[in-house]
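Survey of secondary and tertiary structure
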Amino acid sequence: MAALGWKIVSLLATVSAVALALRPVRVVQPPAQNTECAAAQAPEAVRVAALSEGIALDPGASTESAVDGLVRKLARTSSPAATCKLLEALSAAGGAEATSAVAHTVQQRTNPDVRRCGAESLARIKEVGARSWLVELAADRDPQVRAASFAALAESEDSGAREVVFEAARQPDPAIRLEALSALARAHVPEATALVVGVLKDSDTSTQQVLVSALGEGGDPTAVPALLQFVHQGQDGVRENAMQALGRIGGDQAVAALGVILRDGSNQDAASAASALGEIGDEASRKHLLAAAGSDRREVAEAALSALSAGEGEDVRAYMLAQLRSDVPQRVSVACRFFGSRHDEGAIDVLVTIARAGSSQTVNAAIESLAEIGGDRARGAILRLAGEPGPGQEIALQQLANVKVDRGQMRKLLTSLVREGGGNAGEIAIGLLGQDGSPEAREILADQVRRGGHFATEAANILARSGDPSAVRALESAALHGDRDEVREQALSALASSGRPEAGRIFAAAMQDPSEEVRLAAFQGMTRLGGPAAERAALDACASTDQSMRRAAVSTLGSLGTPLAIGKLEALAGDKDRYVANNALSALVHASPDRAARLAQERLRSSDPSERRNALYLAARIDSDAGRKMVLESLRDGDEWVFRTAANLAARSGGTEAQGALVDTMLRRSATLSMRQAAADALLEMGGGAAERYRDVIDKTKQEQPAEDD
């Protein structure tokens, strides 16, 4: 492939001499695809990077062969995330080929994320060739690419590379100038501090915030006087950043100034000063924080205590130990976390006392700290707390899942809690037994199912979800041979919720159970599995003398929607059990609207008015022209109640045809007054044009009185 072009953008024209000096060592050819394996074995970082990308290496593979594999994969990868991982792996390898591959990717790819991570990868390669590419990228349009380049060049020991950043810091473009100044300040370039401080005075607030933070990251003590000025005179955001910067730099002058602010400043400033003193962490800082932790100003005291909790030293430990006995829950919680984060076994006894008698806030903090401390004593304490009724029992139980206690002892405890039916503690215990996964835990759950009781349902569901063959066998035994109806029903319901196909034979056997509830649970499990077996079970259930079974069968047939199921629904629509008949009609409307329409049409020809009314309700539920047509035709039915039903249904469905039919009935003198008034009411309910046009007729009809008998 042709040599990669060399360009220095006009923005950094003054650094051309630096670039030319670096150019001879720059690898300008794209990465070679056939690299001869060197004798040296690949460093571990490169080997791990290659293997993580699925590149197989021989035990004695060299760095070059690992890089070659990464480069080949890079050429085939288009995903930005995968590309960035490969670039990071190449940066770990270093060398000319890796450098060239990373640089080539930055130049050729347009995705901004890829170009940014490419620049960051080049910054990690500590070679002259990489720096030459970074000089070029220092003029990139992408701010993050520029920032990565500036950071690497500023940290370089090469004065020529740093001069690129100094030159950028003198550019008129404020964004580029800020990026370069920040990079110089963070890199702790000696001559940079004065340059940054000089710019600070005349900068806007946002620029001051960025540069002040950069000075703190650079850690140059000569920046302290300037930072102190901003601590006392800067805007809120700048003042806070300046205190944080002092915390990173430290020193007597910074500690003294922060101590005064902690004592006399506003609550917000005192909190920032406390955080900064905590970061410094020397003896003088701790003295200021210890004094402030006893302040009458609650916000200041809390900030100081929080900062102390990140510190070390016997004075801090003694103070935190005293806070464990405080009557302020917040202070106790901070102290608990202090000992937990340091794995301090000396506080275990006090933490156990808090866990047994503290407030909800402190109990939680104490037990979490015991778990973090670890070790046999702390874990044993958690196990004991989990077995003791009290404020800490539930929290201790929840922690048992995260600590390595003796599993046998834990199962013994959990079993006793479950068998005692201990409310929330029992519920947590049954869940932990489910997570255990051991044969012993599985047998405890199976025994709970056999016993029945409060947690039997949850135990059965856990066994069903596990999918373990032994668990399924335990549920099968309970479902078919449990000594109580409740036990058999719970086992079947759990198997049904699992949806496991092998449960079908268990459901089939359980459908012969003498208990109606158990048979119903088995049937519901079978229907949830679906398929031919569910259809056969539903058809058989229709002939059952068990009313609840027949009703459940109707719902199942509707969901199946097979030809046999639809035919059976038609037959059941005339069932003597009105609930079964109505549900069959409803299911038929959804499963086969055409069959439902034909059935409604047949019933509308019945001589029984109540049958015709039921057929009308069925027709109205069929969302088709046929259903609406049947409703409109029934407006000519001679039975008054059938007519009223049709009028109400027509009013709900709306449409010009319905309006016209109702107007005809209202105007037809051969219709009874009751029918004409029902038509008038329906027109009013519908509203629309017909109701407006015939308003006078509607009012007159509604006011008309029946003729008196002679």
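Let me begin by describing the structure that accompanies this report. Every value quoted in this text rests on a predicted model; they were computed, and no experiment measured them. Along each chain, residues carry numbers from 1 onward, in the same order as the chain's sequence is written. With the structure being a predicted model, the display of local features is reserved for residues of pLDDT at least 70 and the display and counting of side-chain atom pairs for 80 or more, all residues being used for whole-chain, interface and lining totals. Note that water and hydrogens are dropped before the side-chain values are worked out from all heavy atoms of the structure.

Concerning helix α26 (residues 423–436)
Definition in use: Numbering goes from the N terminus for both helices and strands, where a helix is a DSSP run of H or I of at least four residues and a strand is a run of E of at least two. Working rule for helices: expected span equals 1.5 Å times residues minus one. Each residue is placed in one exposure class: buried if its accessible area under a 1.4 Å probe, protein chains only, is under 20% of its type's maximum, exposed if it is over 50%, and partly exposed if it falls in between. Note on contacts: a residue pair is in contact if any heavy atoms of the two residues lie within 4.5 Å.
Spanning 14 residues, α26 covers 20 Å between terminal C-alpha atoms, matching the ideal 20 Å at 1.5 Å per step. Within α26 the residues assigned to the buried category are Ala 425, Gly 426, Ile 428, Ala 429, Ile 430, Leu 432 and Leu 433. For α26, the secondary structure elements touched by its buried residues are α24 (393–400), α25 (407–420), α27 (439–451) and α28 (456–466). Immediately beyond the C-terminal end of α26, within one or two residues, lies Gly 437, with a positive phi of roughly 75 degrees.

Quick notes on the environment of Arg 407
Operational definition: Polar contacts, as counted here, are pairs of nitrogen or oxygen atoms within 3.5 Å of one another; within protein the pair requires one atom able to donate a hydrogen and one able to accept it, and residues that are adjacent in sequence qualify only if both atoms are side-chain atoms.
By secondary structure assignment, the location of Arg 407 is in helix α25. Residue classification places Arg 407 among the partly exposed positions, given a relative accessible area of 35%. Engagement of the side chain of Arg 407 in a polar contact is seen with the backbone oxygen of Val 403, the distance being 3.5 Å.

Comments concerning empty space enclosed by the protein
Stated precisely, the cut-off is as follows: Two kinds of site are reported from a 1 Å grid over the protein atoms alone, namely cavities, where a 1.4 Å probe fits but cannot get out, and pockets, open sets with protein on both sides within 12 Å along at least five of seven lines, and residues are called lining when an atom falls within 4 Å of a point. Grid points are joined across faces, edges and corners, and a volume is the space filled by probe spheres set on the points. Residues are sorted three ways: Asp, Glu, Lys and Arg are charged, Ala, Val, Leu, Ile, Met, Phe, Trp, Tyr, Cys and Pro are nonpolar, and all the rest, Gly among them, are polar.
Under the criterion given, the structure shown has one cavity of 30 Å³ or more. Here the largest cavity defines a volume of roughly 50 Å³. Leu 277, Gly 278, Gly 281, Ser 285, Arg 286, Leu 289, Ala 307, Leu 308, Gly 311 and Glu 312 together form the lining of the largest cavity. Among the elements of the structure, α16 (267–280), α17 (283–293) and α18 (298–308) are those that each provide at least two residues to the lining of the largest cavity. At three residues, the largest contribution of residues to the lining of the largest cavity is made by α17. Here the residues of the lining of the largest cavity sort into four nonpolar, four polar and two charged.

As for the pattern of salt bridges
Our working definition: Any carboxyl oxygen of Asp or Glu within 4 Å of a side-chain nitrogen of Lys or Arg constitutes a salt bridge here.
For the coordinates displayed, the defined rule picks out 39 salt bridges. One salt bridge connects Arg 116 with Asp 142, and the closest N-O pair in it is separated by 2.8 Å. Of this pair, Arg 116 sits in helix α6 (residues 112–124) while Asp 142 sits in the loop between α7 (128–137) and α8 (143–155), and the two are 26 residues apart along the sequence. Among the salt bridges present, the one from Arg 628 reaches Asp 625, with a minimum N-O distance of 2.7 Å. With a gap of three residues between them, Arg 628 and Asp 625 both fall in helix α39 (residues 625–633), about one helical turn apart. Given the relative accessible area of 38%, Arg 628 is considered partly exposed. A relative accessible area of 60% places Asp 625 in the exposed class. Within the structure, one salt-bridge network assembled from shared partners comprises Arg 419, Glu 443, Asp 447 and Arg 450.

Quick notes on the state of the cysteines
As a reminder, the rule being used: Sulfur atoms of two cysteines make up a disulfide when they are within 2.5 Å.
Under the defined criterion, the tally for this structure stands at one disulfide. Between the sulfur atoms of Cys 84 and its disulfide partner Cys 117 the distance amounts to 2.1 Å. Across the S-S bond of Cys 84 and Cys 117 the torsion is about -80 degrees, and the bridge reads as left-handed. Here Cys 84 is found in helix α4 (residues 80–93), whereas its partner Cys 117 is found in helix α6, with 33 residues between them in sequence.

Focus: the packing of aromatic side chains
Rule in force here: A pair of Phe, Tyr and Trp rings is counted when the ring centres sit within 6.5 Å of each other, with Trp represented by its six-membered ring. The angle between the planes then sorts it: under 30 degrees is stacked, over 60 is edge-to-face, the rest tilted. Note on geometry: a ring has a charge over it if NZ (lysine) or CZ (arginine) is within 6 Å of the ring centre and within 35 degrees of the ring normal.
A full pass over the atoms with the stated rule returns one aromatic pair. When the ring of Phe 338 is compared with that of Phe 339, the centres are 5.1 Å apart and the planes differ by 90 degrees; the resulting orientation is edge-to-face. Both residues of the pair, Phe 338 and Phe 339, count as buried. Over the ring of Trp 641 we find Arg 644; its NZ or CZ atom is 5.9 Å from the centre of that ring.

A closer look at the packing of α24 against α25
Note the threshold: To define axes, lines are fitted to C-alpha atoms, for helices over the stretch in contact only, and angles between the resulting N-to-C directions are given on a 0 to 180 degree scale. Here the angle decides the label: under 35 degrees means roughly parallel, over 145 means roughly antiparallel, 65 to 115 means roughly perpendicular, and every other value means oblique. Here a crossing is taken to be left-handed if its near helix is turned anticlockwise relative to the far helix by less than a right angle, and right-handed if that turn runs clockwise.
Interhelical geometry of α24 versus α25 gives an angle of 135 degrees and a closest axis separation of 12 Å. Classified by the angle their axes make, α24 and α25 are oblique. As α24 runs across α25, the sense of the crossing is left-handed. Facing α24, whose interface residues are Gln 393, Leu 397 and Leu 400, α25 presents Arg 407, Met 410, Leu 413, Leu 414 and Leu 417.

A word on the layout of surface pockets
Each pocket or cavity is described by its volume, and for the largest pocket that value is around 230 Å³. As for the largest pocket, its lining consists of Ala 508, Met 511, Gln 512, Arg 519, Met 526, Ala 533, Arg 536, Ala 537, Asp 540, Ala 541, Ser 544 and Met 549. Secondary-structure elements contributing two or more residues to the lining of the largest pocket are α32 (516–529) and α33 (531–541). If you tally residues by element for the lining of the largest pocket, the top one is α33, at five residues. Each residue belonging to the lining of the largest pocket can be placed in one class, and the counts come to seven nonpolar, two polar and three charged.

A look at a negative patch on the surface
Stated precisely, the cut-off is as follows: Here the term patch refers to residues with relative accessible area over 30% and no salt bridge, with like charges joined within 9 Å and nonpolar side chains (Val, Leu, Ile, Met, Phe, Trp, Tyr) within 5 Å. Areas reported here follow the Shrake-Rupley algorithm with a probe of radius 1.4 Å; residue values treat only the protein chains shown as occluding. Just so you know, the count uses Lys and Arg for positive and Asp and Glu for negative, and it drops His and the chain ends. One atom stands in for each charge, and that atom is NZ of Lys, CZ of Arg, CG of Asp or CD of Glu.
Where like charges cluster on the molecular surface, the negative patch consists of Glu 486, Glu 489, Glu 516 and Glu 517. Within the residue set of the negative patch, elements represented by two or more residues are α30 (485–498) and α32.

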